[in-house]
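Chain by chain, the residues:
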Amino acid sequence: MRLLVLGGTSFVGRAVVEDALRTGAEVTLFGRGRTGTDLFPGLTRLVGDRETDDYSALGEGSWDAVVDVSGYVPRHVGRAMDALGDRVGRYLFISSNAVYRRSAVAPGADEDTPRRTPVRDTEELVEETYGPLKVACEDDVVARYGSRATVVRPGKVAGPHDPSDMFTYWVRRAARGGRVALPGDPEQPVQIVDSRDLARLVVRLLTDDRPGAFNAVGPAEPVTLGGLIRTCARVAGTRVEIVPVSTEGVEPFFPLVRDNWPTQQRSSARSRAAGLTATPLEVTAADVLAWDRERGEPPLRSGFTPEEEQAVLARHGDGPAGG
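Trainee: Mind showing me how you'd approach the overall build of the protein here?
Mentor: Counting its secondary structure elements, the protein contains nine helices and 11 strands. Scaling as 2.2 N^0.38, a compact globule of 323 residues should have a C-alpha radius of gyration of about 20 Å, and the protein matches this with 20 Å. When contacts within the protein are restricted to residue pairs at least 6 apart in sequence, long-range pairs at least 24 apart make up 78% of them. In the form shown here, the protein has an accessible surface area of approximately 14,200 Å², with 50% of it arising from carbon and sulfur atoms. One finds the centroid of the 40 positive side-chain charges in the protein at a distance of 2 Å from the centroid of its 46 negative side-chain charges.

Trainee: Whenever I open this one, the sheet that holds strand S5 (residues 88-94) confuses me. Can you help?
Mentor: Adjacent strands of a sheet form backbone hydrogen bonds with each other and so pair up, either parallel or antiparallel. Spatially, S3-S2-S1-S4-S5-S6-S10 is the arrangement adopted by the seven strands of the open sheet, whose pairing is parallel. Of all the strands in the sheet, the pair left with one neighbour each is strand S3 (44-47) and strand S10 (212-216). Direction aside, the axes of adjacent strands within the sheet are offset by 20 degrees on average. Across the sheet, helix H2 (residues 74-84) lies against strand S1 (2-6), strand S4 (63-68) and S5, angled at about 170 degrees from S5, the strand it touches most.

Trainee: It is not clear to me how the environment of Trp-63 should be interpreted in this structure. Could you clarify?
Mentor: Within the secondary structure layout, Trp-63 lies in strand S4. Residue class for Trp-63 comes out buried when judged on its relative accessible area of 8%. For the pair Trp-63 and Phe-40, spaced 23 residues apart in the sequence, the C-alpha separation amounts to 19 Å. Those residues in contact with Trp-63 that lie beyond four places of it in its chain are Arg-2, Leu-3, Leu-4, Thr-28, Leu-46, Leu-58, Leu-84, Arg-87, Val-88 and Gly-89.

Trainee: How should I be thinking about the packing of helix H6 (residues 225-236) against helix H8 (residues 281-294) in this particular structure?
Mentor: Angle between the axes and distance between the axes: these two values describe a pair of packed helices. At a minimum axis distance of 9 Å, the contact between H6 and H8 shows a crossing angle of 60 degrees. As summarised for this structure, H6 and H8 are arranged oblique, according to the angle between their axes. Crossing of H6 over H8 shows right-handed handedness. Between H6, through Leu-228, Thr-231, Cys-232, Arg-234, Val-235 and Ala-236, and H8, the contact on the second element is made entirely by Leu-281, Glu-282, Ala-285, Ala-286 and Leu-289. Taken together, the residues of the contact of H6 with H8 sort by class into eight nonpolar, one polar and two charged.

Trainee: Looking at this structure, how should I read the packing of aromatic side chains?
Mentor: Throughout the structure, instances matching the rule amount to seven aromatic pairs. Between Tyr-72 and Tyr-130, the aromatic rings sit 6.4 Å apart at their centres with planes inclined by 45 degrees, giving tilted as the arrangement. Separated by 58 residues along the polypeptide, Tyr-72 in the loop between S4 and H2 and Tyr-130 in helix H3 (residues 127-145) bring together distant segments of the chain. Taking the relative accessible area as the measure of exposure, Tyr-130 reaches 27% and is therefore partly exposed. Taking the centre distance of 4.8 Å and the plane angle of 55 degrees together, the rings of Phe-254 and Phe-304 count as tilted. With a gap of 50 residues between them, Phe-254 in the loop between strand S11 (240-244) and helix H7 (269-274) and Phe-304 in the loop between H8 and helix H9 (306-314) connect regions that are remote in the sequence. As far as burial versus exposure is concerned, Phe-254 and Phe-304 are alike and both buried.

Trainee: Got a minute to help me understand the nonpolar core in this structure?
Mentor: Note that soluble globular proteins tend to have their nonpolar side chains buried in a common cluster. Phe-167, Trp-170, Ile-192, Leu-225, Leu-228, Ile-229 and Leu-256 are the most contacted members of the largest nonpolar core, which has 34 residues in total. Elements with a minimum of two residues in this core: helix H4 (168-176), strand S8 (178-182), H6, S11, H8 and H9. What Leu-225 contacts, discounting residues up to four positions off in sequence, is Trp-170, Leu-182, Asp-185, Pro-186, Gln-188, Val-190, Leu-256 and Val-257. Listed in part, the 33 residues of the second largest apolar core include Ala-15, Leu-43, Ala-199 and Leu-201.

Trainee: Which parts of the structure should I look at to understand the packing of helix H1 (residues 12-22) against helix H5 (residues 195-207)?
Mentor: Relative to each other, H1 and H5 sit at 55 degrees, their axes nearing to 8 Å. With respect to each other, H1 and H5 are oriented oblique. For the element pair H1 and H5, the recorded crossing hand is right-handed. The residues of H5 that touch H1, namely those facing Val-12, Ala-15, Val-16, Asp-19, Ala-20 and Arg-22, are Ser-195, Leu-198, Ala-199, Arg-200, Val-202 and Val-203. Here the residues of the contact of H1 with H5 sort into eight nonpolar, one polar and three charged.

Trainee: Would you take a moment to explain H3 for this structure?
Mentor: Within an α-helix, residues lying three or four positions from one another point in the same direction, as the helix has 3.6 residues per turn. The end-to-end C-alpha separation of H3 is 28 Å, in line with the 27 Å expected for 19 residues at 1.5 Å each. Every buried residue of H3 is accounted for by Thr-129, Gly-131, Pro-132, Leu-133, Lys-134, Val-135, Ala-136, Cys-137, Glu-138, Val-141 and Tyr-145. Turning to H3, the residues buried within the fold contact H2, S5 and strand S6 (149-154). Positive phi appears at Gly-146, one or two residues downstream of H3, with a value of about 55 degrees.

Reading the values: the criteria
Residues numbered from 1 in each chain as written. Predicted model: local features only at pLDDT ≥ 70, side-chain atom pairs only at ≥ 80, totals over all residues. Heavy atoms only, no water. Helix = DSSP H or I, 4+ residues; strand = E, 2+ residues; numbered from the N terminus. Rg over C-alpha atoms; globule rule 2.2 N^0.38 Å. Contact = heavy atoms within 4.5 Å. Areas by Shrake-Rupley, 256 points an atom, 1.4 Å probe, with all protein chains shown as cover. Lys, Arg positive; Asp, Glu negative; His and termini not counted. Charge placed at Lys NZ, Arg CZ, Asp CG, Glu CD. Pairing = 2+ DSSP bridges. Axes fitted to C-alpha atoms, helices over the stretch in contact; angles between N-to-C directions. Buried < 20%, exposed > 50% of the residue type's maximum accessible area, 1.4 Å probe, protein only. Parallel < 35°, antiparallel > 145°, perpendicular 65-115°, else oblique. Left-handed = near helix turned anticlockwise from the far one by under 90°. Nonpolar A, V, L, I, M, F, W, Y, C, P; charged D, E, K, R; others polar. Phe/Tyr/Trp six-rings, centres within 6.5 Å; stacked < 30°, edge-to-face > 60°. Core = buried A, V, L, I, M, F, W, Y, C linked by side-chain atoms within 4.5 Å. Expected span 1.5 Å × (residues − 1).

Set out below in structure tokens:
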């Protein structure tokens, strides 16, 4: 399979490239050439910039499939499709669970759940626009490629090289042990998917030439946020006491904390049937812990700092936050 990846040296794209190479695919990368320049030295790299509509490097060549990892607004997707035309067989777009409406959602909602209203009048990526912009991108891909379009809608993706702090925060915090401040309910369901499972699904869908939309969510067995934190502690060899604390003054979207629980209980049945694998949560946590330590545990942008957590816990009883 000759595969073109639009973005492929950061996190999800990197995992897709690694899995595609594992299957023997011939991979071409398209990107700005600013990240991961030491990765995949044997691959062809086409340099362009989606922000400035520079797709000239895609003027020649043909591929069996393209994986669009870096399309966030309709302009990105539309210009890429214009540049590629019919020189690609299948167009697989990496979307998001954020495309779905948030109201009147029941546990077990599948890919036929109503989506949010598409947005095309802005390119500002904020909480209110991210999902609707992805809806518009999905619509454009399906309109252009029809049965040759595939849409993958991941939930929260976790794994080594994750640029966000959503899962890494809890892995690192649990590894310190002790009393853990949780500005939420430990019984809240949580869904994460290992980046390598997501990559295997993407490559399998392309190999099988399968159209349609697919929820890429995990893990395979339901898990609560409290259970996730305890799993991270067990992997690190520590003991934790989870202390529910007030959400007052806490940043919006504190790592993995969500008040709309059904959005964390979506069905993965269609993706499982199509080949979505299930890396055990323990393995994901262990691999993220090792990666985080190897990179020197840089400051995180989300969650409590140790000092903030100490202050929060001091208002909820005595005892140290760690150790």
